[in-house]
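One letter stands for each residue in the lines below.
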Amino acid sequence: MIGQRRVRLWTFRSKLWPDWRGLGRDMAGRCVSGRALIAALLILLATVSGSTGPSSREIWGASRIPSQFSEEERVAIKEALKGAIQIPTVSFSHEESNTTALAEFGEYMRKVFPTVFHSSLIRHEVVGTYSHLLTVQGSDPSLQPYMLMAHFDVVPAPEEGWDVPPFSGLERDGFIHGRGTLDNKNSVMAILQALELLLIRNYSPRRSFFIALGHDEEVSGIKGAQKISALLQARGVRLAFLVDEGSFIMEDFLPNLKKPFAMISVAEKGALDLMLQVNMTPGHSSAPPKETSIGILSAAVSRLEQTPMPNMFGSGPLKQTLKLLSREFSFPTNILFGNLWLFQPIVSRLMERNHITNALVRTTTALTIFNAGVKVNVIPPLAQATINFRIHPSQTVREVLELVKNIVADDRVQLHVLRSFEPLPVSPSDATAIGYQLLQQTIQSVFPEVNIVVPGICIANTDSRHYANLTNGIYLFNPVFLQPQGFSSIHGINEKISVRNYENQVKFIFELIQNADTYKEPVPHLHEL
Ligand SMILES: CCCCCCCCCCCCCCCC(=O)N[C@@H](Cc1ccccc1)C(=O)O
Ligand SMILES: [Zn+2]
Ligand SMILES: [Zn+2]
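Residues numbered from 1 in each chain as written. Chains lettered and ligands numbered in written order. Predicted model: local features only at pLDDT ≥ 70, side-chain atom pairs only at ≥ 80, totals over all residues. Heavy atoms only, no water.

## Some points on the site of ligand 1
Basically, it comes down to this: Note on terminology: near, applied to a residue and a molecule or strand, indicates that one of the residue's heavy atoms is within 4 Å of it. Under the rule applied, a polar contact is a pair of N or O atoms within 3.5 Å (in protein, one hydrogen donor and one hydrogen acceptor; residues adjacent in sequence only if both atoms are side-chain atoms). Accessible surface is estimated by sampling points in the Shrake-Rupley manner with a 1.4 Å probe; for residues, cover comes only from the protein chains shown. Think of it as three bins: nonpolar holds Ala, Val, Leu, Ile, Met, Phe, Trp, Tyr, Cys and Pro, charged holds Asp, Glu, Lys and Arg, and polar takes everything else, Gly as well.
As a structural note, the neighbourhood of ligand 1 is formed by 18 residues, with Arg390, Arg419, Asn461, Arg465 and His491 the closest of them. Arg390 has a polar side-chain atom sitting 2.8 Å from an oxygen atom of ligand 1. At 2.9 Å, a side-chain N or O of His491 approaches an oxygen atom of ligand 1. Compared with its free state, where it exposes 740 Å², ligand 1 has 93% of that area covered by protein. Grouping the constituent residues of the shell around ligand 1 by class yields eight nonpolar, three polar and seven charged.

Here you go:
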C-alpha cells in the first residue's frame, strides 16, 4: 500500500516537472508576458485541484498494469495462436472462401477469450456475416477513440515445400509454424489476447477503442472492412488514429545495416489491375500471318516489363526515412543518406538495385496472368494478360494508365481496367501525431534493443484503406521482427513466428492500450495561450 502511494506520488511529480521547468518561458526559451503566465497558472491549478475534472488517479495513470505474464499464461498465449492457425480460413477468390472455417474462427475467438466476449464494457457485433467489430467503452468520453485492426482470412497454402503442414500450428525449434502466423492471425490473436489479460487484471480503459477483424482482406475487404467502415461512419465515429498490419521491425533489409529498425508505414501504395487483350482472326497454323495475337501481346507486356515506371524517390516519405536512418549506418552510407540534397541521384539508383527497396521508389509492374491459345494447329483468336501495378504514393491511377498507353504504343492492344484504387494520403508523423507518437513510445519501451523508429511506405495493400473516411492517422505496424526470409514466407512457404516474437506482440498491445489512456497532448507554447 505504502509502495503504491509512493509510486503514485513519484509519477505525479515527474508528470508535473516538465511543465514547471518551462514556466515563464516559451519553447524557444524567451520570456512570456505576465498575463499569459497568470492564465497558464490558473489552468494548471484547476487541473491539479481536480475539482471538476477526473481524479488525479485517472489523470496520472497510477493504475498502470505491468506487462508480465505467468508461466501458465505464457503457455495459454501460444496455445491460443496454434489453435487459430489450425482453422483453414482461406480466401481463394472474391467468390470463394472457406465459410465453414470463417464461422468456426468466430466461435473459437469466443471460446479462448471468454472475458473479452462477456465484458460489460464491450459490445460485439458480427458484420458482413463473418467479420467482427468490438467496441470497447472507455470511461472518458472526451478522449477521441482509436482502432486496432487485423484480418483472419489467409491466402491458400498448398502443402508442397512446407517443413510442417501449413495448417498444423506445430511448434518446432521455438517457432509456431503455419499459414497466418505473420499474415495476420498473429495480430488478431495478439489484440484479443492482450485485452483478455488486461480485463482479467480488472483494467478498464479511459479511451474508447474499436477492434475491427476482417474476414476477406486477402481478396479486397469489401464484404468485411468496407462494411464495418460504413457502419462506423453512419454512427458518426471519427477516429484519432488506427493501427493495422503492413510493416515490421526490419532486420537485414538494407545492405550494411545490421541493427534492427522499426518502420511505421504512414503511406500505402495504390493499385491498378490492368488486362491487356489482343484479338486477331483465327486460322490454320500451316500458313500463319506475320504477327499473331500471342506475338503482339508478348511484345507489349515485354516492353512494359523492360520499361520501369519513373523513379519517384524525390517525393513521398522515403527521403525522411533514409535521413533518420542515416546515423545507423557507417561511412560512407551515413554521409550519402544524411546529405540527400547532394547525393539523391546516387541514392535513388542504389535503391533500385534490390527488388524490395525498388518497390519503395516507384510504381511496380508485375505480369501475373497470361492466357492464350486453344490448340496447337490453330492461330489463336485471343490473347490476354493481366498486370498488377502497385502505385507509388506520389502518382495517380490516371498517370500510370497514361504511362502504360505510351509504353505499349500499339492500338491493337486493348486496355481494360479490372480494379484500381489511389494510394492513401500520407499520415502525419510529427510530434503532434498521436497515433505515431504512441506507437513510437511503445516500441521504445517494449523493444529497448531497437534504436530507431522511422516512417515508411507500405508496398502492399491492407484493409486500412477502407477506413480513410474515418481518420487521417493510418499507421501500419506489426510489432514483430522480420527478416527478408520472413517477408518471402508471407504468401509463400514456411510462414512462421517465434514464440518470443509473438509474446512480445501481445506485450506490445498490452502496453499500447495503456499508453493510449495516459497519452498527453504536447503542451502548446505559452505565448499561444
Ligand atoms: C527499407 C526497408 C523496407 C522493407 C520493406 C518490407 C516490406 C514488408 C511489407 C509486408 C507487407 C505485409 C502486408 C501484406 C498485406 C497483403 O498481403 N495484402 C494483399 C491483399 C490485398 C490485395 C489487394 C487489395 C488489398 C489487399 C496484397 O497487397 O496483395
Ligand atoms: Zn495481411
Ligand atoms: Zn496477405
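## Here's the deal with the coordination of the zinc ion (ligand 2)
The textbook angles at a metal center are 109.5 degrees for a tetrahedron of four donors and 90 or 180 degrees for an octahedron of six. Inclusion rule: Listed donor atoms are N, O and S within 2.8 Å of the metal (Na, K and Ca: 3.2 Å). As water is not included, a site may look incomplete. Square planar and octahedral assignments, for four and six donors respectively, both demand that opposite donors be over 155 degrees apart and that all other angles lie between 65 and 115; tetrahedral needs four donors with all angles between 85 and 135 degrees, and anything else is irregular. In this scheme, a residue with accessible area under 20% of its type's maximum is buried, one over 50% is exposed, and one in between is partly exposed, where area comes from a 1.4 Å probe on protein chains only.
For the zinc ion (ligand 2), the full set of protein donor atoms is His151 (NE2), Asp183 (OD), Glu245 (OE) and Glu245 (OE), at a range of 1.9 to 2.4 Å. Coordination at the zinc ion (ligand 2) is irregular: its four donor atoms span angles of 56 to 149° at the metal. In the primary structure, the donors to the zinc ion (ligand 2) are separated according to the pattern H-x31-D-x61-E. Judged by relative accessible area, His151 falls into the buried class, the value being 1%.

## Some words on the packing of aromatic side chains
Which entries qualify depends on this criterion: Here a Phe, Tyr or Trp ring, Trp counted by its six-membered ring, pairs with any other such ring whose centre lies within 6.5 Å, and the pair is stacked when the planes are under 30 degrees apart, edge-to-face when over 60, and tilted otherwise. A run of H or I in DSSP becomes a helix once it reaches four residues, and a run of E becomes a strand once it reaches two; helices and strands are each numbered from the N terminus.
One pass over the structure, following the stated rule, counts 11 aromatic pairs. Each ring, one from Phe105 and one from Tyr108, has its centre 6.4 Å from the other, and the planes form 50°; the classification is tilted. Here Phe105 pairs with Tyr108, and both are found in helix α5 (residues 99-112), just three residues apart, close to one helical turn. Judged by relative accessible area, Phe105 falls into the buried class, the value being 0%. Residues Phe253 and Phe487 carry aromatic rings whose centres are separated by 6.5 Å and whose planes lie at 70° to one another, so their mutual orientation is edge-to-face. Here Phe487 lies in helix α16 (residues 484-489) and Phe253 lies in the loop between β8 (249-250) and β9 (261-268), a separation of 234 residues in the sequence.

## Re the UniProt feature "domain: Peptidase M20 dimerisation" (unreviewed entry) in the protein
Counted only if it meets this: UniProt positions are given in the numbering used here, feature names are shortened, and annotations may be inferred rather than shown by experiment.
Cross-referencing UniProt, the feature "domain: Peptidase M20 dimerisation" (unreviewed entry) maps to residues 266-410 in the present numbering. With 41% helix and 25% strand, residues 266-410 has end C-alpha atoms that lie 38 Å from one another.

## Describing the sheet that holds strand β19 (residues 496-498)
Note the threshold: Strands are treated as partners if at least two bridges between them are detected by DSSP. Pairs of residues are marked as contacts when any of their non-hydrogen atoms sit within 4.5 Å. Inter-axis angles, ranging from 0 to 180 degrees, are taken between N-to-C directions of lines fitted to C-alpha atoms, where helices are fitted over the stretch in contact.
Overall, antiparallel pairing links the three strands, which are arranged β4-β5-β19 in an open sheet. On the outer flanks of this sheet lie β4 (171-172) and β19, each paired with one strand and no other. When strand β5 (residues 175-177) meets β19, the two strands line up antiparallel, connected through three bridges. Bridge pairing in β19 places Ile176 opposite Ile497. Helix α4 (residues 71-85) contacts β4, β5 and β19 of the sheet and is inclined by roughly 20° relative to β5.

## Side note on the sheet that holds strand β15 (residues 414-421)
Sheet strands pair via backbone hydrogen bonds, and the direction of the pair is either parallel or antiparallel. With respect to topology, four strands assemble into an open sheet ordered β12-β14-β10-β15, the strand pairing being antiparallel. Both edges of this open sheet fall to β12 (364-372) and β15, since each of them pairs with a single strand only. Looking at each pair of strands side by side, their axes are set apart by 20° on average, direction ignored. Here strand β10 (residues 270-279) pairs with strand β14 (residues 382-391) via 10 bridges, running antiparallel. Paired with Asn279 across the strands is Leu382, a residue of β14.

## Section: the coordination of the zinc ion (ligand 3)
The coordination sphere of the zinc ion (ligand 3), as far as protein atoms go, consists of Asp183 (OD), Glu218 (OE), Glu218 (OE) and His491 (NE2), spread over 2.0 to 2.6 Å. In primary-sequence terms, the residues that donate to the zinc ion (ligand 3) follow D-x34-E-x272-H. Separation of the zinc ion (ligand 3) from the zinc ion (ligand 2) amounts to 3.4 Å, with Asp183 serving as a shared donor to the pair. Here the residue Glu218 occupies a position in the loop between β6 (209-214) and α8 (225-234), and His491 occupies one in the loop between α16 and β19, the gap between them amounting to 273 residues.

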